[in-house]
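Here is what each chain is made of, one letter per residue.
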Amino acid sequence: MLANSNATANLAVKDLAKAKAFYHDILGLTEVHDEGGELIVYKSGDTSINVYHSDFAGTNKATAVTWMVGDEIGNIVKALKSKGVVFEHYDMPHTTIEGDIHVGHGMKVAWFKDPDGNILNLVDR
(Lines give C-alpha, C1' and ligand atoms only; values in the text may rest on other atoms or scores of the structure.)
Protein backbone atom coordinates (compact mmCIF):
# COMPACT_ATOMS: atom_id res chain seq x y z
CA MET A 1 0.00 0.00 0.00
CA LEU A 2 2.77 2.51 0.89
CA ALA A 3 5.73 0.94 -0.92
CA ASN A 4 5.70 3.51 -3.74
CA SER A 5 5.15 6.56 -1.50
CA ASN A 6 7.91 8.78 -0.18
CA ALA A 7 8.45 8.98 3.58
CA THR A 8 9.82 11.87 5.65
CA ALA A 9 11.72 11.75 8.94
CA ASN A 10 10.31 13.90 11.78
CA LEU A 11 12.62 15.22 14.49
CA ALA A 12 11.34 16.98 17.59
CA VAL A 13 13.44 19.83 18.97
CA LYS A 14 13.04 22.29 21.82
CA ASP A 15 14.77 25.26 20.17
CA LEU A 16 14.35 25.71 16.41
CA ALA A 17 17.08 28.37 16.20
CA LYS A 18 19.60 26.00 17.77
CA ALA A 19 18.36 23.16 15.54
CA LYS A 20 18.70 25.39 12.46
CA ALA A 21 22.32 26.12 13.37
CA PHE A 22 22.95 22.38 13.62
CA TYR A 23 21.02 21.02 10.64
CA HIS A 24 21.87 23.84 8.22
CA ASP A 25 25.23 25.19 9.38
CA ILE A 26 26.86 21.99 10.63
CA LEU A 27 25.20 19.19 8.62
CA GLY A 28 24.79 21.36 5.53
CA LEU A 29 21.15 20.51 4.83
CA THR A 30 19.17 22.92 2.65
CA GLU A 31 16.13 24.58 4.18
CA VAL A 32 13.16 24.33 1.80
CA HIS A 33 10.34 25.59 4.00
CA ASP A 34 9.78 27.35 7.32
CA GLU A 35 6.40 27.23 9.06
CA GLY A 36 6.76 30.35 11.17
CA GLY A 37 8.98 29.07 13.94
CA GLU A 38 7.20 25.76 14.49
CA LEU A 39 8.57 23.59 11.66
CA ILE A 40 11.53 23.72 9.29
CA VAL A 41 11.71 21.32 6.35
CA TYR A 42 15.19 20.36 5.13
CA LYS A 43 16.17 18.63 1.90
CA SER A 44 18.55 15.69 2.21
CA GLY A 45 19.22 13.89 -1.06
CA ASP A 46 15.85 12.88 -2.49
CA THR A 47 14.17 13.04 0.91
CA SER A 48 13.01 15.58 3.45
CA ILE A 49 13.48 15.96 7.18
CA ASN A 50 10.88 17.82 9.23
CA VAL A 51 12.42 19.50 12.27
CA TYR A 52 9.62 20.72 14.52
CA HIS A 53 9.15 22.31 17.93
CA SER A 54 7.94 19.92 20.63
CA ASP A 55 8.01 19.69 24.41
CA PHE A 56 8.84 15.98 23.92
CA ALA A 57 12.12 16.67 22.12
CA GLY A 58 14.99 14.38 23.01
CA THR A 59 12.87 11.60 24.50
CA ASN A 60 13.58 9.07 21.72
CA LYS A 61 16.44 6.79 22.79
CA ALA A 62 16.77 5.05 19.42
CA THR A 63 18.29 6.12 16.10
CA ALA A 64 15.97 8.61 14.40
CA VAL A 65 17.67 9.27 11.04
CA THR A 66 20.24 7.31 9.01
CA TRP A 67 22.24 8.69 6.10
CA MET A 68 23.64 6.15 3.63
CA VAL A 69 26.97 7.78 2.73
CA GLY A 70 28.99 4.96 1.18
CA ASP A 71 32.76 5.21 1.11
CA GLU A 72 32.60 8.85 2.25
CA ILE A 73 31.87 7.88 5.88
CA GLY A 74 35.43 8.57 7.06
CA ASN A 75 35.59 11.97 5.34
CA ILE A 76 32.16 12.98 6.63
CA VAL A 77 32.98 11.95 10.20
CA LYS A 78 36.20 13.96 10.02
CA ALA A 79 34.39 17.03 8.61
CA LEU A 80 31.60 16.90 11.20
CA LYS A 81 34.08 16.39 14.02
CA SER A 82 35.96 19.51 12.86
CA LYS A 83 32.66 21.40 13.28
CA GLY A 84 32.30 20.22 16.86
CA VAL A 85 30.08 17.16 16.42
CA VAL A 86 30.74 14.59 19.14
CA PHE A 87 30.36 10.97 18.10
CA GLU A 88 28.84 8.30 20.29
CA HIS A 89 30.67 5.08 21.14
CA TYR A 90 28.59 2.01 21.93
CA ASP A 91 29.68 -1.37 23.26
CA MET A 92 28.31 -3.74 20.64
CA PRO A 93 29.07 -7.43 20.15
CA HIS A 94 31.29 -8.35 17.18
CA THR A 95 32.04 -4.67 16.53
CA THR A 96 35.22 -2.69 16.97
CA ILE A 97 35.58 1.08 17.08
CA GLU A 98 38.10 2.66 14.72
CA GLY A 99 38.31 6.31 15.72
CA ASP A 100 34.62 7.25 15.84
CA ILE A 101 33.40 4.58 13.43
CA HIS A 102 31.96 1.24 14.53
CA VAL A 103 33.14 -1.57 12.25
CA GLY A 104 31.49 -4.97 12.10
CA HIS A 105 28.80 -7.08 10.53
CA GLY A 106 30.10 -6.07 7.08
CA MET A 107 29.51 -2.35 7.56
CA LYS A 108 30.76 0.87 9.13
CA VAL A 109 28.50 3.08 11.24
CA ALA A 110 29.00 6.34 13.14
CA TRP A 111 26.41 7.73 15.59
CA PHE A 112 26.02 11.29 16.85
CA LYS A 113 23.33 13.42 18.47
CA ASP A 114 21.73 16.72 17.59
CA PRO A 115 21.49 19.45 20.28
CA ASP A 116 18.25 17.90 21.63
CA GLY A 117 19.67 14.39 21.89
CA ASN A 118 18.07 12.93 18.76
CA ILE A 119 20.31 10.06 17.68
CA LEU A 120 21.52 10.28 14.08
CA ASN A 121 23.89 8.03 12.19
CA LEU A 122 25.97 7.54 9.07
CA VAL A 123 26.30 4.15 7.35
CA ASP A 124 28.70 3.15 4.61
CA ARG A 125 26.03 1.55 2.44
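Residues numbered from 1 in each chain as written. Predicted model: local features only at pLDDT ≥ 70, side-chain atom pairs only at ≥ 80, totals over all residues. Heavy atoms only, no water.

1. Things to note about the overall build of the protein chain
Summing up its helical and strand segments, the protein chain has two helices and ten strands in all. Taking 2.2 N^0.38 as the reference for a compact globule, 125 residues should give roughly 14 Å; the C-alpha atoms of the protein chain span a radius of gyration of 15 Å, in line with that estimate. In the protein chain, which comprises 125 residues, the share counted as buried stands at 36%. Pairs at least 24 apart in sequence give 50% of the contacts found in the protein chain among residues at least 6 apart. Put simply, the protein chain shows about 7,600 Å² of open surface, and 52% of that area lies on carbon and sulfur atoms. (Helix = DSSP H or I, 4+ residues; strand = E, 2+ residues; numbered from the N terminus. Rg over C-alpha atoms; globule rule 2.2 N^0.38 Å. Buried < 20%, exposed > 50% of the residue type's maximum accessible area, 1.4 Å probe, protein only. Contact = heavy atoms within 4.5 Å. Areas by Shrake-Rupley, 256 points an atom, 1.4 Å probe, with all protein chains shown as cover.)

2. Quick notes on the packing of aromatic side chains
Following the criterion strictly, the structure yields five aromatic pairs and no others. These aromatic residues form a ring-pair network of at least three members: Phe22, Tyr23, Tyr42, Phe87 and Phe112. (Phe/Tyr/Trp six-rings, centres within 6.5 Å; stacked < 30°, edge-to-face > 60°.)

3. Overview of the nonpolar core
Residues Tyr23, Leu27, Trp67, Phe112, Leu120 and Leu122 are the most contacted members of the largest nonpolar core, which totals 25 residues. For this core, the secondary-structure elements that each account for two or more residues are strand 1 (9–13), helix 1 (16–26), strand 3 (39–44), strand 4 (47–53), strand 5 (63–68), helix 2 (73–82), strand 9 (107–113) and strand 10 (119–123). Every residue in contact with leucine 120, bar those within four places of it in the chain, is listed here: Leu11, Phe22, Tyr23, Leu27, Val65, Trp67, Ala110, Trp111, Phe112 and Asp114. (Core = buried A, V, L, I, M, F, W, Y, C linked by side-chain atoms within 4.5 Å.)

4. Section: the pairing of strand 2 (residues 30–34)
Pairing between strand 2 and strand 3: four bridges, direction antiparallel. In the sheet register, threonine 30 faces strand 3, and the bridge partner there is lysine 43. (Pairing = 2+ DSSP bridges.)

5. Points about helix 2
Listing the buried residues of helix 2 in full gives Ile73, Val77 and Leu80. Taken around the axis of helix 2, the buried residues stretch over an arc of 70°, which confines them to a single face. The outward face of helix 2, more than 90 degrees from its buried face, is lined by the exposed residues Lys78 and Ser82. Taken together, the buried residues of helix 2 touch helix 1, strand 6 (87–88), strand 8 (101–104), strand 9 and strand 10. Glycine 84, located one to two residues past helix 2, shows a positive phi value of around 100°. (Arc of directions from axis to C-beta.)

6. Describing the side chain of aspartate 114
For aspartate 114, the position within the fold is in the loop between strand 9 and strand 10. No salt bridge is formed by the buried aspartate 114, whose closest oppositely charged neighbour, lysine 113, lies at an N-O distance of 8.9 Å. (Lys, Arg positive; Asp, Glu negative; His and termini not counted. Salt bridge = Lys/Arg side-chain N within 4 Å of Asp/Glu carboxyl O.)

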